[in-house]
Amino acid sequence: MSEEPILRLEGLSKDYGQGMVLHSLDLDIYPGEFLTLLGPSGCGKTTTLRLIAGLEQPTSGRVFLEGVDMTDRPPEKRPVNTVFQSYALFPHMNVFQNIAYGLKTAGVKKAEQKQRVEEALALVRLSGYEKRMPSQLSGGQRQRVAIARAVVLKPKVLLLDEPLGALDLKLRQEMQAELKRLQQQLKITFVYITHDQEEALNMSSRIIIIREGRIEQIGTPEEVYEHPKTLFAASFIGQSNLLRGTVSRYEENGELTLNVMGVSLPALSDEPRQKGERLALCLRPQRVRYGSEPQHGMNLQGIIREKTYSGGMQHTLIGLNDKLTLNAITQASELDSFPLGSMVYVGWSKQHAPLVPDSELNLDQAEGVL
Amino acid sequence: MKANQQDRRFSLLLKLPMYLWTIMFVFVALLYIIGLSFLSRGERIGITNEVTVSNYARLADPQYLQVMLNSLKLSVLTTLICIVIGYPFGYLMARLKPTVRSIIMLLLIVPFWTNSLIRIYGWRILLMGNGPLNTFLLNLGIISSPLKLLNTDGAVFLGMVYALIPFMILPTFTTVDKLDFSVVEAARDLGASPLRAFFTITVPLTMAGLMAGCVLVFIPSMGLFFLSDLLGGSKSVLAGNLIQNLIKSRDLPMASALSVLLLAVTGGVIALYRKAGGSAGELGLF
């Protein structure tokens, strides 16, 4: 991306007095992006958003918008708007007054106010709701009003703080599609916060994984899913068999053997490794293949321990030895007929099982882990 | 079904003392006063059984009207000052750290454990010609002769604000404390200056507390007769004093008629408050 960033965060740190919440965060955000800050609760993503909006002051670091330093500007003087997690609609104003609030404050003429509010309402598909009070709206409708109230001001960047967190699953999926449509229609840069990795994968053009106030990985949904760079990224995004072990053989062409709890697993590394190095193999359950014959590189032997059928998919637990088990997911259309306890050959294509450095990360505490 | 009925009977039994108390000491007393106000003054026991409306006709007497008007003026002024001091106080208090806030709350409430009459005597001593305040100012050389502080309208006014301001602070504190400040942040985010956000968002959303405070200050202020007695000397005569004087001079029917008028005025204020959307529950906060 060679163009100028619309938003630049430079060495942004925040300390609320009880330790650092954000550690010198550097981030460039480009025009038209749907950028998602993804991380477990308390990782500093909301703080980042509040620093961009001006609702908090950084302990150090600067915020630039289109090259202009915004750090010392109060929130009302920044051309960014926020959709709050709790919606924060004004309960004493009706829908029209809520959406017109920013326009009225900016001194926009009455006739133009009316026209722009109507446009914004049409955009979020709530035309005709002008006279309703926030208390008379459903959760999804309040959400739409909160979005309309922010986009009516035509911000350079729209900040969304877990906007779908309070909605039920069905509504959340609807609103995900709606937000994507809105973003494409408005061509506004979105900075989106969520702790829901599925939501992040569905909507974003780029994902920033944050953990304990530091950026863990930056990439497109595909990159972070297929090529996690850290154990945390691998455990947080999607489901993975995280197989932590020691390199027992390494060849110049990248082929290596990872010894995990007494089992030798084949792997492929795209960077030089050393014998004895501690690595973790990230194996998606969908990538695990098994059968009665040792074909397609299925060179390991295992025993079917458990089979669970759930909605179009079958989860299978395969024991490689007493301690090491693998999760496998197969489409229901390819159901196998192996009874429990039968011996199978197991394997996966090595290109689809990336290696990450092993770390002290306690996997039981990371969300999204199997 | 039967158990339900039993429950209801039991709950009625529990409520009975409360009903009895209210009927005895509120309704009966009130009816007694209203009844008295339609009788005329008598020699032996203070009243005769001659029914009349002349007591109410006498209310139009310019002398009485003047007193009522003075009372009203002082009450309105007291309420206004309580808003100006009490609302920001309650607001800032709600924004403080919980520990600091509880200390202030304690300082506000502790004086209530002392009889208000005694506290007003305290003010008398403080404001006397040779009292601590005058002595202090004299010693500093700010004044050359003692100021007349006691027995002035100013002293009465000061006493009123002193006695009633907690009733403004506490309901405003409660509403500000309950306010979700993300709406204020939203207003700032949408381009409002801190002052504009305060007046368009914070004030309307804490109006309930402010209105409850006004009612809680205004109504007692109409009847605080001992305040003007102790701090205003014989000079300022307010509605409460007038009623007290009439009782002293054994004109119970006229005193009752004035009480009914006072009741009507305060009742009117509460009616206005209810009409403006205030809830009775908000008044019970304290």
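Please read all numbers here as calculations on a predicted model, not as lab measurements. (Residues numbered from 1 in each chain as written. Chains lettered and ligands numbered in written order. Predicted model: local features only at pLDDT ≥ 70, side-chain atom pairs only at ≥ 80, totals over all residues. Heavy atoms only, no water.)

**Some thoughts on the overall build of chain B**
A tally of regular secondary structure across chain B gives 14 helices and 2 strands. Once the C-alpha set of chain B is aligned to its principal axes, its extents read approximately 80 × 70 × 35 Å. The burial tally for chain B puts 38% of its 286 residues in the buried class. Within chain B, residue pairs in contact and separated by at least 24 positions form 68% of the contacts whose partners lie at least 6 positions apart. With the model as given, the accessible surface of chain B reaches about 16500 Å², and the carbon-plus-sulfur share is 70%. Between the mean site of the 22 positive side-chain charges and the mean site of the 12 negative ones, chain B shows a separation of 4 Å. (Helix = DSSP H or I, 4+ residues; strand = E, 2+ residues; numbered from the N terminus. Buried < 20%, exposed > 50% of the residue type's maximum accessible area, 1.4 Å probe, protein only. Contact = heavy atoms within 4.5 Å. Areas by Shrake-Rupley, 256 points an atom, 1.4 Å probe, with all protein chains shown as cover. Lys, Arg positive; Asp, Glu negative; His and termini not counted. Charge placed at Lys NZ, Arg CZ, Asp CG, Glu CD.)

**So, the packing of aromatic side chains**
All names here are of chain A. Under the defined criterion, the tally for this structure stands at 14 aromatic pairs over all chains. An angle of 45 degrees between the planes, with centres 5.4 Å apart, marks the rings of Phe 34 and Phe 190 as tilted. In this pair, Phe 34 is assigned in strand S3 (residues 34-38) and Phe 190 in strand S8 (residues 189-194), connecting sequence segments 156 residues apart. Of the two residues, Phe 34 and Phe 190, neither departs from the other in class, the shared state being buried. Pairing Phe 232 with Phe 236 gives two aromatic rings, centres 5.4 Å apart and planes at 15 degrees, and the pair type is stacked. With Phe 232 and Phe 236 both in helix H8 (residues 231-236) and 4 residues apart, the pair spans about one turn of that helix. By relative accessible area, Phe 232 is classed as buried at 4%. On the basis of relative accessibility, which here comes to 2%, the residue Phe 236 falls in the buried class. (Phe/Tyr/Trp six-rings, centres within 6.5 Å; stacked < 30°, edge-to-face > 60°.)

**Overview of the pattern of salt bridges**
Residue and element names in this part refer to chain A. Enumeration according to the criterion identifies 26 salt bridges over all chains in this entry. The shortest N-O distance in the salt bridge between Arg 287 and Glu 226 comes to 3.2 Å. Of the two residues, Arg 287 is situated in the loop between strand S14 (278-283) and strand S15 (289-291) and Glu 226 in helix H7 (residues 221-226); the sequence distance between them amounts to 61 residues. The class of Arg 287 is partly exposed, set by a relative accessible area of 28%. A relative accessible area of 22% means that Glu 226 is categorised as partly exposed. Between Arg 244 and Asp 358 there is a salt bridge, with the nearest N and O atoms lying 2.9 Å from each other. With Arg 244 in strand S11 (residues 241-250) and Asp 358 in the segment after strand S20 (355-357), this pair connects stretches of sequence that are 114 residues apart. Where salt bridges share partners, they join Arg 125, Arg 144, Glu 178 and Arg 181 into one cluster. (Salt bridge = Lys/Arg side-chain N within 4 Å of Asp/Glu carboxyl O.)

**A closer look at the nonpolar core**
Counting 74 residues, the largest nonpolar core has Leu 7 and Phe 90 of chain A as its most contacted members. The biggest single contributor to this core is helix H7 (residues 153-178) of chain B, with 12 residues. Ignoring anything within four residues of it in the chain, the contact list for Phe 90 of chain A reads Asn 98, Tyr 101, Pro 134 and Arg 149 of chain A together with Val 183, Ala 186, Ala 187, Leu 190 and Ile 201 of chain B. Among the nonpolar cores identified, the runner-up in size contains 34 residues, and Ala 120, Val 151, Leu 164 and Leu 182 of chain A belong to it. (Core = buried A, V, L, I, M, F, W, Y, C linked by side-chain atoms within 4.5 Å.)

**With respect to the domain arrangement of chain A**
Under the domain assignment, chain A is made up of domain 1 (7-226) and domain 2 (239-357). Measuring from the centre of the C-alpha atoms in domain 1 of chain A to the corresponding centre in domain 2 of chain A gives 40 Å. (Domains from an automatic or database assignment.)

**A few points about the sheet that holds strand S5 (residues 68-69) of chain A**
Residues and elements named next belong to chain A. With respect to topology, 4 strands assemble into an open sheet ordered S2-S1-S4-S5, the strand pairing being antiparallel. A single partner strand is all that each edge strand has here, and the edge strands are strand S2 (20-29) and S5. Sheet analysis places strand S1 (residues 7-15) next to strand S4 (residues 60-65), joined by 5 bridges and oriented antiparallel. Its bridge partner lying in S4, Arg 8 is registered against Phe 64. (Pairing = 2+ DSSP bridges.)

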